[in-house]
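# An overview of the molecular structure
Chain by chain, the residues run as shown.
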Amino acid sequence: MPTPKETICQQLLLVRCQRDDREAMEELIAVWEKRLFYYVRRMVDQEADAWDVMQKTWVKVFRKVKSLKDPQSFPCWLYTLTRNTALSHLRQRPGARFASDTLDQCENLPAEDNSTTVFEDAEAVHDALGRISFDHCEVLSMVFLEDLSVEEIGRVIGVPQGTVKSRLHYAKCALRKLMEKEGKP
């Protein structure tokens, strides 16, 4: 979570971008590109395609940034724009990973509240994220990367909060099961 000072700096940076400040736009890219690329890379199989999605996303950001009224909503707005750009890209690719096929991996696990599940092995988590369904990978990426709330994730992906909670539950379950299968806690 950003500190209040970091939040204010990010909001000021956004206002500068809205005033067509080129340096601010470059700073914005520097601040967000790594996180967004990781998010896009979880959705898009090829690295070159992910960079293409990123480029299209930044073009859209700079065209639409002036329409953003509330600087505090920028992270949700940015992830929504990025998600929509990636989905457009995926729709043009045959065999894209969209299905929610994670449910069968969780059939025999107890229905516990695993909201406090901690995944300590970052490399194993990264690998496992690439092997769970698109819907579940997406919500976990937003939780792990940005610590977005259930409400914010719902706004980004356009589903009710209950659906986000369900996807988070099944995603954590599938991730845990994959990691246990490979002997990684």
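Here is a short report on the structure shown in this document. Counting starts from 1 at the beginning of each chain's written sequence and moves along it residue by residue. Confidence filtering applies because this is a predicted model: local features only for residues at pLDDT of at least 70, side-chain atom pairs given and counted only at 80 or more, and all residues used for totals across whole chains, interfaces and linings. Only hydrogens and water are set aside; all other atoms, that is, all heavy atoms of the structure, feed into the side-chain values.

This paragraph deals with the overall build of the chain. Each helix is a run of DSSP H or I of at least 4 residues and each strand a run of E of at least 2, with the numbering of both proceeding from the N terminus. Helix and strand content of the chain: eight helices and zero strands. Starting at the N terminus and walking to the C terminus, you meet the elements of the chain as α-α-α-α-α-α-α-α. Counting all 185 residues of the chain, 41% fall into the buried class. In the chain, the proportion of contacts linking residues at least 24 apart, taken out of those at least 6 apart, comes to 69%. Here's how the labels work: a residue is buried when its accessible area is under 20% of the maximum for its type, exposed when over 50%, partly exposed in between, all with a 1.4 Å probe on protein chains only. Residues are treated as being in contact if the distance between any of their heavy atoms lies within 4.5 Å.

With that settled, the discussion passes to the packing of helix H4 (residues 74–91) against helix H7 (residues 150–157). Running from N to C, H4 and H7 cross one another at 35 degrees; their axes reach a closest spacing of 8 Å. As H4 runs across H7, the sense of the crossing is right-handed. Residues Cys-76, Tyr-79, Thr-80 and Arg-83 of H4 form the contact with H7, whose own contacting residues are Glu-152, Arg-155, Val-156 and Ile-157. Three classes are used, and their members are as follows: Ala, Val, Leu, Ile, Met, Phe, Trp, Tyr, Cys and Pro are nonpolar, Asp, Glu, Lys and Arg are charged, and the others, Gly among them, are polar. Class assignment of the residues belonging to the contact of H4 with H7 gives a composition of four nonpolar, one polar and three charged. Only C-alpha atoms enter the line fits that serve as axes; for helices the fit covers just the stretch in contact. Angles between N-to-C directions range over 0 to 180 degrees. Handedness of a helix crossing follows the sense of rotation of the near helix relative to the far helix, less than a right angle counterclockwise being left-handed and clockwise being right-handed.

At a minimum axis separation of 11 Å, helix H6 (residues 134–146) and H7 run at an interaxial angle of 130 degrees. Taken together, H6 and H7 sit at an angle that is classed as oblique. Handedness of the H6/H7 crossing: right-handed. Across the interface between the two elements, Glu-138, Val-139, Met-142 and Val-143 from H6 touch Ile-153, Val-156 and Ile-157 from H7. Split into classes, the residues belonging to the contact of H6 with H7 amount to six nonpolar, no polar and one charged. Working definition: roughly parallel below 35 degrees, roughly antiparallel above 145 degrees, roughly perpendicular at 65 to 115 degrees, and oblique for all remaining angles.

On to the packing of aromatic side chains. Ring pairs shown here join Phe, Tyr and Trp side chains whose ring centres sit within 6.5 Å, with only the six-membered ring taken for Trp; geometry is labelled stacked below 30 degrees between planes, edge-to-face above 60, and tilted in between. If you walk through the whole model with that rule in mind, you get six aromatic pairs. Considering the side-chain rings of Trp-32 and Phe-74, the 5.7 Å spacing of their centres and the 75 degrees angle between planes classify their relative orientation as edge-to-face. With Trp-32 in helix H2 (residues 22–43) and Phe-74 in helix H4, this pair connects stretches of sequence that are 42 residues apart. For the pair Trp-32 and Phe-74, a shared accessibility class is recorded, and that class is buried. With 5.9 Å between their ring centres and 20 degrees between their planes, Trp-58 and Phe-62 make a pair best called stacked. With a gap of four residues between them, Trp-58 and Phe-62 both fall in helix H3 (residues 47–64), about one helical turn apart. Using a relative accessible area of 23% as the deciding quantity, one classes Phe-62 as partly exposed.

This brings us to unusual backbone geometry. Phi at Asp-20 takes a positive value of approximately 65 degrees, unusual for a residue other than glycine. Among the structural elements, Asp-20 can be located in the loop between helix H1 (4–18) and H2. For Asp-20, a relative accessible area of 48% gives the class partly exposed.

Working definition of a nonpolar core: buried Ala, Val, Leu, Ile, Met, Phe, Trp, Tyr and Cys residues. They are joined through side-chain atoms within 4.5 Å. Of all hydrophobic cores here, the largest spans 52 residues; its most connected members are Leu-28, Trp-32, Met-43, Trp-58, Phe-74, Ile-153 and Ile-157. For this core, the secondary-structure elements that each account for two or more residues are H1, H2, H3, H4, helix H5 (122–129), H6, H7 and helix H8 (161–181). Once residues within four sequence positions are removed from consideration, Ile-157 is found in contact with Arg-83, Glu-138, Val-139, Met-142, Val-164 and Arg-167.

With that settled, consider the environment of Asp-20. In this structure the C-alpha to C-alpha distance between Asp-20 and Phe-62, which are 42 residues apart in sequence, comes to 8.5 Å. If we skip the residues at most four places from it in the chain, Asp-20 touches Met-25 and Lys-66. Polar contacts, as counted here, are pairs of nitrogen or oxygen atoms within 3.5 Å of one another; within protein the pair requires one atom able to donate a hydrogen and one able to accept it, and residues that are adjacent in sequence qualify only if both atoms are side-chain atoms. Polar side-chain contacts of Asp-20 include one of 2.7 Å to the side chain of Lys-66.

A word on the environment of Arg-41. Within the secondary structure, Arg-41 is located in helix H2. Considered as a pair, Arg-41 and Met-54 are 13 residues apart in the sequence and their alpha carbons are 9.7 Å apart. Setting aside anything within four residues of it in sequence, one finds Arg-41 in contact with Gln-46, Glu-47 and Ala-50.

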